[in-house]
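Per-entry structural report
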Amino acid sequence: MVVMSKAKEKKKHAASEKQTQPAGKRTTVKKKNKFWKQSKLIQKAKVENPPTNILLTKPPKDGQLFSANWKVLQETLKSSQTKTNQPKTSKDHNGPLQEKKEKTSKNILPSKTDSGKSVKHKTVDSPVNIPAASETKQPPASKRKNKANGIPNLKKPKLEVKEMKPTAEDIWFDDVDPDDLEATVGQEAADIMRKKMGVQKNPDTDAALVKTKAFEGLTKAIAIDCEMVGVGPDGEESILARVSIVNQFGKCLYDKYVKPTEEVTDYRTAFSGIRPKDIKDGENIATVRKEVSEILKGRILVGHALHNDLKILLLDHPKKKTRDTQKYKPFRKTVMSKCPALRVLCQRILNVKVQQGEHSSVQDAQATMRLYTLVKKHWEAEIKNTKKTDKKSARKLRLPKCKRPNAGLSF
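Every chain is numbered on its own, with residues counted from 1 as its sequence reads. With the structure being a predicted model, the display of local features is reserved for residues of pLDDT at least 70 and the display and counting of side-chain atom pairs for 80 or more, all residues being used for whole-chain, interface and lining totals. The basis for every side-chain value is the complete set of heavy atoms in the structure, and neither hydrogens nor water enter the calculation.

A look at the nonpolar core
Heads up, the rule is: Among the buried residues, those of types Ala, Val, Leu, Ile, Met, Phe, Trp, Tyr and Cys that are joined through side-chain atoms within 4.5 Å form a nonpolar core. Only protein chains enter the accessibility calculation, which uses a 1.4 Å probe. A residue is then buried if its area is under 20% of the maximum for its type, exposed if over 50%, and partly exposed in between. Numbered from the N terminus, helices here are DSSP runs of H or I no shorter than four residues, and strands are runs of E no shorter than two. Contacts between residues were defined by any pair of non-hydrogen atoms, one from each residue, lying within 4.5 Å.
Of all hydrophobic cores here, the largest spans 25 residues; its most connected members are Cys346, Met369, Leu371 and Tyr372. At the level of elements, β3 (221-231), β7 (300-303), α12 (329-335), α13 (342-350), α14 (361-374) and α15 (376-394) are the ones that each hand at least two residues to this core. By residue number, the principal contributor to this core is α14, which donates six residues. Ignoring any residue separated from it by four or fewer positions in sequence, one finds Leu371 in contact with Thr325, Phe331, Leu342, Leu345, Cys346, Ile349 and Leu350. Counting residues in each nonpolar core, the second largest holds 19 residues, with Cys226, Ile295, Leu306 and Leu310 among its members.

This is the structure in structure tokens:
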């Protein structure tokens with residue numbers, strides 16, 4: 001009862017104060033109380049139902065909010081940019097004017113009422129139709145000049161990379177095949193190497209070895225080459241199968257296949273180029289030797305490893321009139337070999353490739369003759385000098401006469 005009496009007293013005291021206060025102050029107090037009540041209600045509504053038209057700093061966690069609010073907002077921003085930057089119509093250089101249609105989104109965002117209360121947005125059952133990024137992007141401008149607008153075509157200048165050509169100073173090395181250099185480095189480097197070596201670029205073999213429109217008869221110098229096949233149990237022994245002779249200009253004078261006198265066990269086709277049908281109806285070896293010996297009489301005989309050819313023919317020739325390209329010292333020095341192969345000599349000196357596949361006695365004879373004619377003057381001059389020195393050394397040595405032969409004797 002005491003507590004109730006105290007409460008009643010407070011109420012009476014407050015009522016008396018209100019009555020004592022003026023009328024203007026009472027209205028302001030009521031307005032303040034209403035304002036604070038409304039503000040509290042608004043804050044609760046914001047916490048329970050946040051407005052969707054406000055740009056959130058972080059992406060929403062709810063999937064519906066993400067599709068309905070976040071993506072649509074991006075779409076509106078892109079559409080506003082395209083409207084400001086792009087004209088409504090664009091004239092194509094190949095066709096009429098094409099109008100660009102912009103797609104509008106179907107979703108409508110809820111708006112806030114004037115009273116301050118927020119309205120809950122409706123859930124969207126169907127997925128939001130958002131245009132793809134490629135549809136909203138501005139198409140690339142035409143490369144040609146637009147004559148109507150007079151806009152010049154602005155092209156970026158292309159950077160041209162200049163290839164540095166090799167010079168003679170860059171190629172400081174020696175003893176390199178120009179063909180290999182052309183395959184690895186290039187044609188210009190190979191041409192520089194050929195100039196240094198004094199050779200031409202891979203001429204035709206026949207054109208390099210045979211002189212066109214030249215004399216086709218017997219000359220003072222002739223070249224010979226023979227092809228052999230193997231006989232015996234392992235094909236180690238050799239017999240004559242083909243003989244070829246050319247004149248000083250590379251023209252073929254004599255070329256005959258020889259009928260074998262024994263059973264052939266190894267035709268050596270990969271090297272000799274001889275097949276069974278070639279020598280089956282060949283010439284008798286006796287007639288071949290006779291014909292060859294008549295051609296060789298009194299002439300300079302040129303060949304490569306001539307001792308093998310003369311041995312298989314069972315013929316002999318004066319040493320003074322033989323010119324063996326395998327034994328010529330300047331050729332040995334250039335190739336740096338005591339017994340250089342004909343293929344190597346032709347490649348290094350003539351820049352001609354021979355004996356690449358099956359050998360041909362005619363081509364080998366032409367190659368040896370071309371090597372000889374290339375150094376004929378020097379070779380013949382050396383032989384003349386050696387003859388003079390041999391004559392001087394052949395003279396008898398004269399002993400000086402002693403005035404007193406018995407002067408130094410003592411008995």
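Re a negative patch on the surface
Worth spelling out the cut-off: Each patch is built from residues lacking any salt bridge and having more than 30% relative accessible area; the joining distance is 9 Å for like charges and 5 Å for nonpolar side chains (Val, Leu, Ile, Met, Phe, Trp, Tyr). Surface accessibility in these figures is a Shrake-Rupley result with a 1.4 Å probe; residues are shielded only by whichever protein chains are displayed. A pairing counts as a salt bridge when a side-chain nitrogen of Lys or Arg comes within 4 Å of a carboxyl oxygen of Asp or Glu. When charges are counted, neither His nor the chain ends are considered; positive counts come from Lys and Arg and negative counts from Asp and Glu. Charge placement uses NZ in Lys and CZ in Arg. For Asp and Glu, CG and CD serve respectively.
Taken together, the side chains of Asp234, Glu236, Glu237 and Glu262 present a region of like negative charge at the surface. One can find Asp234 in the loop between β3 and β4 (237-246). In this structure Asp234 comes out as exposed when scored by relative accessible area, which is 59%.

Here we look at the pairing of β3
The condition is simple: At least two DSSP bridges between two strands are required for those strands to pair.
Taken across its eleven residues, β3 has eleven buried, putting it largely inside the fold. Side-chain alternation along β3 places Ala221, Ala223, Asp225, Glu227, Val229 and Val231 on one buried face and Ile222, Ile224, Cys226, Met228 and Gly230 on a second face that is also buried. Sheet analysis places β3 next to β4, joined by nine bridges and oriented antiparallel. Note that in β4 the partner of Ile224 across the bridge is Ile245. Sheet analysis places β3 next to strand β6 (residues 264-266), joined by two bridges and oriented antiparallel. Considered in β6, the bridge of Gly230 is made with Asp266.

Details of helix α11 (residues 306-313)
Rule in force here: This arc is taken over the directions from the axis of the helix to the C-beta atoms.
Looking only at α11, the buried set comprises Leu306, Asp309, Leu310, Ile312 and Leu313. Taken end-on, α11 shows its buried residues confined to a sector of 165°, consistent with a single buried face. Its buried side turned inward, α11 meets β3, β4, α10 (285-296), β7 and β8 (322-324). Note on α11: the residue one or two positions beyond its end, Leu314, has a positive phi of about 60°.

Here we look at α13
Taken residue by residue, α13 has Leu342, Leu345, Cys346, Gln347 and Leu350 as its buried positions. After α13 finishes, the residue Asn351 shows a positive phi value of roughly 60°.

Structural notes on the packing of aromatic side chains
Threshold: Aromatic pairing here means that ring centres of Phe, Tyr or Trp (its six-membered ring) are within 6.5 Å. Orientation follows from the plane angle: under 30 degrees is stacked, over 60 is edge-to-face, and everything else is tilted.
Taken as a whole and judged by the stated rule, the model has five aromatic pairs. Ring plane angle 80° and centroid distance 4.9 Å describe the contact between Tyr328 and Phe331, whose orientation is recorded as edge-to-face. Tyr328 gets classed as buried once you look at its relative accessible area, which sits at 5%. For Phe331, a relative accessible area of 4% puts it in the buried group. Ring centres of Phe331 and Trp379 lie 6.4 Å apart, and the angle between their planes is 85°; this geometry places the pair in the edge-to-face category. A residue pair is termed long-range when its members are at least 10 positions apart, and Phe331 in helix α12 and Trp379 in helix α15 qualify at 48 residues. Overall, the relative accessible area of 7% leaves Trp379 in the buried class.

Here's the deal with the confidence of the model for the protein
We apply this condition: For every residue, the predictor assigns a confidence score, pLDDT, that lies between 0 and 100.
Chain-level pLDDT for the protein is 74 on average; 59% of the residues reach the 70-or-more range. The model gives residues 90-136 a pLDDT under 50, and that stretch makes 52 contacts with residues more than four places away or in other chains. For residues 407-411, every residue scores under 50 in pLDDT, and the model assigns this stretch zero contacts once sequence neighbours within four places are set aside.

Here's the deal with the packing of α13 against α14
Heads up, the condition is: Only the stretch in contact is used when fitting a helix axis, every axis being a line fitted to C-alpha atoms; angles between N-to-C directions are given from 0 to 180 degrees. What sets the label is the angle itself: under 35 degrees gives roughly parallel, over 145 gives roughly antiparallel, 65 to 115 gives roughly perpendicular, and the rest give oblique. For any pair of crossing helices, the crossing counts as left-handed if the nearer helix is rotated counterclockwise from the farther one by less than a right angle, and right-handed if it is rotated clockwise. Amino acid classes used here: Ala, Val, Leu, Ile, Met, Phe, Trp, Tyr, Cys and Pro are nonpolar; Asp, Glu, Lys and Arg are charged; the rest, including Gly, are polar.
Contact geometry of α13 with α14 gives a least axis separation of 11 Å together with a crossing angle of 45°. By the criterion of interaxial angle, the relationship of α13 to α14 is oblique. Crossing geometry of α13 relative to α14 is assigned as left-handed. Contacts between α13 and α14 involve Leu342, Leu345, Cys346, Ile349 and Leu350 from the first element and Asp364, Ala367, Thr368, Arg370, Leu371 and Leu374 from the second. Split by residue class, the contact of α13 with α14 holds eight nonpolar, one polar and two charged.

With respect to unusual backbone geometry
Positive phi, close to 60°, is recorded for Leu314, a residue that is not glycine. Secondary-structure assignment places Leu314 in the loop between α11 and β8. Its identity is not glycine, yet Asn351 carries a phi of approximately 60°, on the positive side. In this fold, Asn351 is placed in the loop between α13 and α14. Under the relative-accessibility criterion, Asn351 is labelled buried at 3%.

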